[in-house]
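# Architecture at a glance
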Amino acid sequence: MKLIIAEKPSVAQTIAAALGVKGKQDGYIEGGGYLISWCVGHLVQLAEAAAYGEQYRKWQLDSLPILPEEWQYAVDPDKGKQFATLKELMHRADVSEVINACDAGREGELIFRFVYEVAGCKKPMRRLWISSMEDGAIKAGFASLKDGREYDALFASALCRAKADWLIGINATRLFSCLYGKTLNVGRVQTPTLKMLTDRDAAISHFQKEKYYHVRLCLSGAEAASGRISDKAEADALKGACEAGKAVCVSVTREKKSAAPPKLFDLTSLQREANRIFGYTAKQTLDLAQALYEKRLLTYPRTDSSFLTDDMGGTAAGIIALLCEKLPFMAGADFTPDIAKVTDSKKVSDHHAIIPTMELAKADPDALPESERNIITLAGARLLFATAEPHIFEAVTAVFTCGGYTFTAKGKTTLCEGWCEIEKLSRAASEEQDEDAEPEAVLPPLAEGQTFDNPAAEISERYTQPPKAFTEDTLLSAMESAGKEDTPEDAERKGLGTTATRAGIIEKLISAGFAERKGKKLIPTKDGYNLVAILPDSLTSPQLTAEWETRLTGIAKGSDSPADFMRGIEEMTAGLVKTYSAISEDKAK
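What counts, and at which threshold
- Think of each chain on its own: its residues are numbered from 1, step by step along the sequence as written.
- This being a predicted model, a pLDDT of at least 70 is required before a residue's local features are given, and a value of 80 or more before pairs of side-chain atoms are given or counted; all residues contribute to the totals for chains, interfaces and linings.
- Side-chain descriptors were evaluated using all non-hydrogen atoms of the structure, hydrogens and water having been removed beforehand.
- Buried Ala, Val, Leu, Ile, Met, Phe, Trp, Tyr and Cys residues that are joined via side-chain atoms within 4.5 Å together make up what is termed a nonpolar core.
- Per-residue accessibility, obtained with a 1.4 Å probe over protein chains only, is compared with the maximum for each type, and a residue is labelled buried under 20%, exposed over 50%, and partly exposed between these values.
- Secondary structure is summarised from DSSP: a helix means a run of H or I of at least four residues, a strand means a run of E of at least two, and numbering begins at the N terminus for each.
- Should any heavy atoms of two residues lie within 4.5 Å, those residues are considered in contact.
- Should DSSP find at least two bridges between two strands, the strands are taken to pair.
- Fitting a line to C-alpha atoms yields each axis, with helices limited to the stretch in contact; the angle taken between N-to-C directions then spans 0 to 180 degrees.
- Think of a salt bridge as a Lys or Arg side-chain nitrogen and an Asp or Glu carboxyl oxygen that are within 4 Å of each other.
- The handedness criterion is simple: a crossing whose near helix is rotated anticlockwise from the far helix by less than a right angle is left-handed, and one whose near helix is rotated clockwise is right-handed.
- Polarity classes work like this: nonpolar for Ala, Val, Leu, Ile, Met, Phe, Trp, Tyr, Cys and Pro, charged for Asp, Glu, Lys and Arg, and polar for all others, with Gly in that last group.

### Observations concerning the nonpolar core
Core analysis: the largest hydrophobic core is formed by 81 residues, its most contacted members being Trp166, Phe176, Leu539 and Phe565. The element best represented in this core is helix H5 (residues 152–180), accounting for 16 residues. Ranked by size, the runner-up nonpolar core spans 44 residues in total, among them Leu308, Met330, Leu384 and Cys420.

### A word on the side chain of threonine 285
Its place among the elements puts threonine 285 in helix H9 (residues 282–294). In contact with threonine 285, not counting residues within four places along its chain, are Leu270, Gln271, Ala274, Tyr280 and Ile375.

### Describing the sheet that holds strand E13 (residues 391–402)
An order of E15-E12-E13-E14-E11-E10-E16 is seen for the seven strands of this open sheet, with the pairing classed as antiparallel. Looking at the sheet topology across the chains shown, the edges are occupied by strand E15 (451–453) and strand E16 (456–463). Averaged over all neighbouring strand pairs, the angle between strand axes comes to 30°, with direction disregarded. As judged from the two bridges shared by strand E11 (residues 222–226) and strand E14 (residues 405–416), these two strands associate in the antiparallel manner.

### Brief notes about the pattern of salt bridges
It is possible for side chains bearing opposite charge to pair when their charged atoms get close. On inspection of all chains with the given rule, the structure shows 40 salt bridges. One salt bridge connects glutamate 97 with lysine 2, and the closest N-O pair in it is separated by 3.9 Å. In this pair, glutamate 97 sits in strand E7 (residues 97–101) while lysine 2 sits in strand E1 (residues 2–6), placing the two residues 95 residues apart along the sequence. Taking relative accessible area as the criterion, glutamate 97 reaches 10% and is therefore assigned buried.

### Section: the sheet that holds strand E4 (residues 34–38)
Strands sit in the order E2-E3-E4-E1-E7-E8-E9 across an open sheet of seven strands; the sheet is mixed. Taken across any chain shown, the strands that pair with only one partner, and hence form the sheet edges, are strand E2 (23–24) and strand E9 (146–147). As defined by bridge partners, E1 adjoins E7 across five bridges and the pair is classed as parallel. For leucine 3, the partnering residue across the bridge sits in E7 and is valine 98. This element, helix H2 (residues 80–90), spans E1, strand E3 (28–31) and E4 of the sheet and lies at about 155° to E4.

### Section: the pairing of strand E12 (residues 246–259)
Bridge count between E12 and E15: three bridges; the pairing is antiparallel. Looking across to E15, one finds that valine 248 is bridged to threonine 451. Sheet topology note: the E12/E13 ladder contains eleven bridges and is antiparallel. Across the sheet, serine 258 pairs through a bridge with isoleucine 392, a residue of E13.

### Concerning the packing of helix H13 (residues 472–481) against helix H14 (residues 502–511)
Packing of H13 against H14 leaves a shortest axis separation of 11 Å and a crossing angle of 115°. Viewed along their axes, H13 and H14 form a crossing whose handedness is right-handed. Across from Glu472, Leu475, Leu476, Met479 and Glu480 in H13, the residues of H14 making contact are Arg502, Ile505 and Ile506. Partitioned by chemical class, the residues of the contact of H13 with H14 number five nonpolar, no polar and three charged.

### A few points about unusual backbone geometry
The omega torsion of the bond from leucine 64 to proline 65 falls at -5°, within 30 degrees of zero and hence cis. Here proline 65 is to be found in the loop between strand E5 (44–46) and strand E6 (73–75). If you check the backbone angles, arginine 296 has positive phi at about 70° while not being a glycine. Even without a glycine there, the phi angle at asparagine 454 is positive, about 40°. Turning to its location among the elements, asparagine 454 is positioned in the loop between E15 and E16.

If you want it as structure tokens, here you go:
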């Protein structure tokens, strides 16, 4: 018998269906030489501080730092029954090997290994590593199972991440909560994310708007505008001088430009687009994509790659042909995809980009809940955009002088719609308006040296604009690029958090009362401001996370030492406690 352990019951059922295993038991499925069971998310976790001694039950400054010598593990009390089932199955005499079918990534590895270790299992383990829940992908994955030990380095990086988060989280949270007499949750990723929210909010509230003016000339169908003028009297004088004088065209430049199609979705770009168009939170989008993955209609969502592997050309072509049939806005469209644009194995890490699967052929999209249909349509439309022709246009810039000032007129003529044509069709179908789209201005024929006597002029009044509050779209983007200047080029995971964890971090800040949603905006609360004000820079700057992720990637690749990494974390924890064991009165206030 082979025991297969999936991360969730729904995934176990999909695997059972693909392998033709039907015998339902309590907590597992049996048949055809297989036992298929499941974890329920994190069944086993690092134990709470109290497991290391009674003195840690109470939060006290003199018991810090807490640095476990022998790490303890604990089974989630609400999930004890399922753990007991897994342990019993692992120790069954007829089970010859255990197959790890948890999600193929750092956290999936951790979930399985914790259960395997705590259950005291010594049987050989193999690894299923797949990016899609389609029958074909599951069968191919089982035909090429890997030796579980090949993923020891990935597990080492996952374990270091968990222990380091525990050390900083528990020690810093207790340290600052005891100092200030109030529960202050400190997290390596959530705290710098909160700092970005408070910085932006402060920039908005301290913003002083300023009035400025443009003088615009009407030159036989072309509108030319001056630069910014801050003084109204100066703008009035220029208007008068222009109307009494003449404008001279001093240059006309024509430039052929090309806008490449957008890349395929990784999780963060899908979350950003779904927030921008539908207002979904990052967590809602992840949950919807996960549900579609489990229905086999979408590939694995927790990916940070925006390419497909080189061997997926045929699959992609088949899915595109299917999308042209299934997506109503493609009816009658003549489309020849350029698949080579989206395939590059070198740019794929654990999983390829998110695309619909061939299961869509059997599904009726209209039968899906509207929110799921929106996500699958977004992913399908993005595959079409990404394989379409570039958008090519000619940009024309004409420069005039008048009254001693320079005026500029800009125009744009489309030469080839390319991917923008499909985007417009998809927009019209979803009745989505593009708020940022500028109307295309076509300039009349203009030539250098051409003059315009007594041109009509008008003054437009404008105000400088404050920075915009973060939405989930723009915050995810900022988290993704935070600390980039401190991160080496070859680090796989850049920014704050990972594609898989960013949604949870935003939700955590909100549930802890440090931030709130106002419509689409994310705003820090007073508690959020206070927390950022008292914490040291090392905990509020994204640099720490950038360094950690770089080293964790090194550990996963076998080029960095887990022991060295953990030694550094313990030293940092002890240093924090030593430096901040007392506080000044103004900080306490």
